[in-house]
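The lines below spell out each chain.
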Amino acid sequence: MPSAAGHAEPCYAVTVTSTALDGALRDHASDLLESWSARFERSALRFRRDATATAYAQQAANLIEALTMAMSEGLEALRPGSDLTRELERACAFLGSQFSGTSSSGFDVAAFLLALRDAVLEYAGEHDAPRVREIFEWLGIVALDAFASGGLQSLRERTTEELEAGTPIVELLPKVPVVIFVGGPTAATMDALLSRGLMLSIGTSSACLLLDVTGLCESSLRQFPKTFAAFVAREVPASIELLLVGAPHSVCMLCREALGLQGRKLTDVERIDAAITYALGRNGYAIVHRD
């Protein structure tokens, strides 16, 4: 309204107290979501811009609702790891995991939460602004940690699938089946490979199965004896002899003990050529040595 002197009266922004901030967010949820969407779309942190605000609008709405509920007892009651912030932290962790399953980067995760933080700050008073920033700093860490963990888990799963599909399980010579372990397969993957090797041995009517562990990394090699023990206790016919190739002495001893419990002996050799010669002999092939 103009004053009597003809000058416009100053306009002041409404200051929202911390006890009323949750109400303001609840009353203006749609406006808050719209503000977040605009800020996210134009965020300078987003380089590739594969993720759109529309695709993540529901997640933003869920976070706004969780934040509103968490603020019901005031900003001062919000502490990392507290009961009030548990659902909010869970929602941010879920958000980070969702981003990790796409082509998005950690910059997109940060852009999402910073855009929401700035939208919330529109309704926060000057006194509450530092606390809001502190809360979102923690939520950003939670989301980015989940993003990184999800990416690592996805990588492990992809590596496991590739090792299970690509590990050589072949018949080197007639009735000489071999499993050539490589890399760092998990215990479950090694067990699956052992079972596939056994099926090949049975399918070729071989009297033995070669297990070459030369290419295993140290961590998988340490797990091998336990996996081997479970495997032989479960399904290996006594008619099939197992040949362990290239295993350290400690691994051989543990595998020998596992077979000993089944009343059987383990044959171990250092080199694959020696194992092939042995397997050919076990399957009735005459080995002719020429000078």
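In this convention, every chain numbers its residues from 1, walking through the sequence in written order. A pLDDT threshold of at least 70 governs which residues receive local features in this predicted model, and a stricter bar of 80 or more applies before side-chain atom pairs are shown or counted, although totals over entire chains, interfaces and linings include all residues. No hydrogens and no water enter the side-chain calculation; it runs on all heavy atoms of the structure.

Asks: Any details on the confidence of the model for the protein chain? Residues and values, ideally.
Replies: For every residue, the predictor assigns a confidence score, pLDDT, that lies between 0 and 100. Per-chain confidence: the protein chain averages 85 in pLDDT, with 91% of residues scoring 70 or above. Residues count as neighbours in contact if any of their non-hydrogen atoms are within 4.5 Å of one another. Counting interchain partners and residues more than four positions distant, the pLDDT-below-50 stretch residues 1–19 has 16 contacts.

Asks: Can you lay out the environment of Ala279 for me, pointing to particular residues and giving the numbers?
Replies: Numbering of helices and strands runs from the N terminus; a helix is a DSSP stretch of H or I covering at least four residues, while a strand is a stretch of E covering at least two. Relative to the elements of secondary structure, Ala279 occurs in helix H10 (residues 272–282). As a C-alpha pair, Ala279 and Leu242 span 37 residues in sequence and 9.8 Å in three-dimensional space.

Asks: I'd like a rundown of the packing of aromatic side chains, residues and numbers included.
Replies: The rule is short: rings of Phe, Tyr and Trp, with Trp giving its six-membered ring, pair when the centres are within 6.5 Å, and they are stacked under 30 degrees, edge-to-face over 60, tilted in between. Taken as a whole and judged by the stated rule, the model has 8 aromatic pairs. On the basis of an interplanar angle of 10 degrees and a centroid distance of 5.4 Å, the ring pair of Trp36 and Phe40 is categorised as stacked. Residue Trp36 and its partner Phe40 are located together in helix H2 (residues 29–41), separated by 4 residues, close to a single helical turn. Judged by relative accessible area, which is 0%, Phe40 ranks as buried. One aromatic cluster is present, built from ring pairs that chain together Trp36, Phe40, Tyr56, Phe99 and Phe112. Each residue is assigned to one of three classes by its accessible area relative to the maximum for its type, calculated with a 1.4 Å probe on protein chains only: buried under 20%, partly exposed between the two thresholds, exposed over 50%.

Asks: I'd like a rundown of the pairing of strand S3 (residues 208–216), residues and numbers included.
Replies: Counting buried positions over the 9 residues of S3 gives 7, a clear majority of the element. Pairing between two strands requires that DSSP report at least two bridges joining them. Where strand S2 (residues 176–183) and S3 come together, 5 bridges link them in parallel fashion. Of the residues in S3, the one forming a bridge with Val182 is Gly215. If you view a crossover with the strands going away from you and the path from the first strand over the helix to the second runs clockwise, you call it right-handed. Crossover handedness for the path S2 to helix H7 (residues 187–203) to S3: right-handed. Pairing geometry for S3 and strand S4 (residues 241–245), over 5 bridges, is parallel. Within S4, the position partnered with Leu209 by the bridge is Leu242. Taken together, S3, helix H8 (residues 218–235) and S4 form a β-α-β motif whose crossover is right-handed.

Asks: Describe unusual backbone geometry, listing the residues and the values that go with them.
Replies: The backbone phi angle of Lys175 is positive, close to 65 degrees, even though this residue is not glycine. Of note, Lys175 is situated in the loop between strand S1 (169–173) and S2. Notably, Ser205 is not glycine yet its phi reads approximately 55 degrees, a positive angle. Structurally, Ser205 can be placed in the loop between H7 and S3. You can call Ser205 exposed: its relative accessible area is 52%.

Asks: Describe the nonpolar core, listing the residues and the values that go with them.
Replies: Among the buried residues, those of types Ala, Val, Leu, Ile, Met, Phe, Trp, Tyr and Cys that are joined through side-chain atoms within 4.5 Å form a nonpolar core. Residues Trp36 and Phe112 are the most contacted members of the largest nonpolar core, which totals 40 residues. Looking at this core, the elements with two or more residues in it are helix H1 (18–27), H2, helix H3 (57–70), helix H4 (86–100), helix H5 (106–121) and helix H6 (129–166). Here the element with the most residues in this core is H5; it accounts for 9 residues. Setting aside anything within four residues of it in sequence, one finds Trp36 in contact with Ala53, Tyr56, Ala57, Ala60, Phe112, Ala115, Leu116 and Ala119. Counting residues in each nonpolar core, the second largest holds 27 residues, with Ile169, Val179, Phe224 and Phe228 among its members.

Asks: A description of the packing of H5 against H6 should follow, citing residues and the corresponding values.
Replies: Put simply, H5 and H6 touch, their axes get as near as 10 Å, and they point 160 degrees apart. Compared by their axis directions, H5 and H6 come out roughly antiparallel. You can see that H5 and H6 cross each other, and the crossing is right-handed. Together, Gly106, Val109, Leu113, Leu116, Arg117, Val120 and Leu121 of H5 and Ala129, Val132, Arg133, Phe136, Leu139, Gly140, Ala143, Leu144 and Phe147 of H6 make up the contact between the two elements. To define axes, lines are fitted to C-alpha atoms, for helices over the stretch in contact only, and angles between the resulting N-to-C directions are given on a 0 to 180 degree scale. Throughout, the term roughly parallel applies to angles under 35 degrees, roughly antiparallel to angles over 145, roughly perpendicular to angles from 65 to 115, and oblique to all others. Crossing handedness: left-handed means the near helix sits turned counterclockwise from the far one by under a right angle, and right-handed means the same turn made clockwise.

Asks: Could you give an account of the sheet that holds strand S5 (residues 267–269), with specific residues and numbers?
Replies: The sheet built from 5 strands is open, its strands ordered S1-S2-S3-S4-S5 with mixed pairing. Two strands in the sheet have a free side with no partner beyond their single neighbour: S1 and S5. Adjacent strand axes in the sheet meet at a mean angle of 30 degrees when their direction is disregarded. Pairing of S4 with S5 involves 3 bridges; the strand directions are parallel.

Asks: Describe H8, and please don't skip the residues or the numbers.
Replies: Side chains three or four residues apart in an α-helix point the same way, a direct result of the helix having 3.6 residues per turn. An expected span of 1.5 Å times one less than the residue number is assigned to each helix. Taking 1.5 Å per residue, 18 residues should reach 26 Å; H8 reaches 26 Å between its end C-alpha atoms and fits that length. Two axes are fitted around each residue, one to the seven residues ending there and one to the seven starting there, and the angle between them is reported as the bend at that residue. Where H8 bends most, at Phe224, the angle is about 35 degrees, and the proline Pro225 comes one to four residues later. Elements that come into contact with the buried residues of H8 comprise S2, H7, S3, S4 and helix H9 (249–260).

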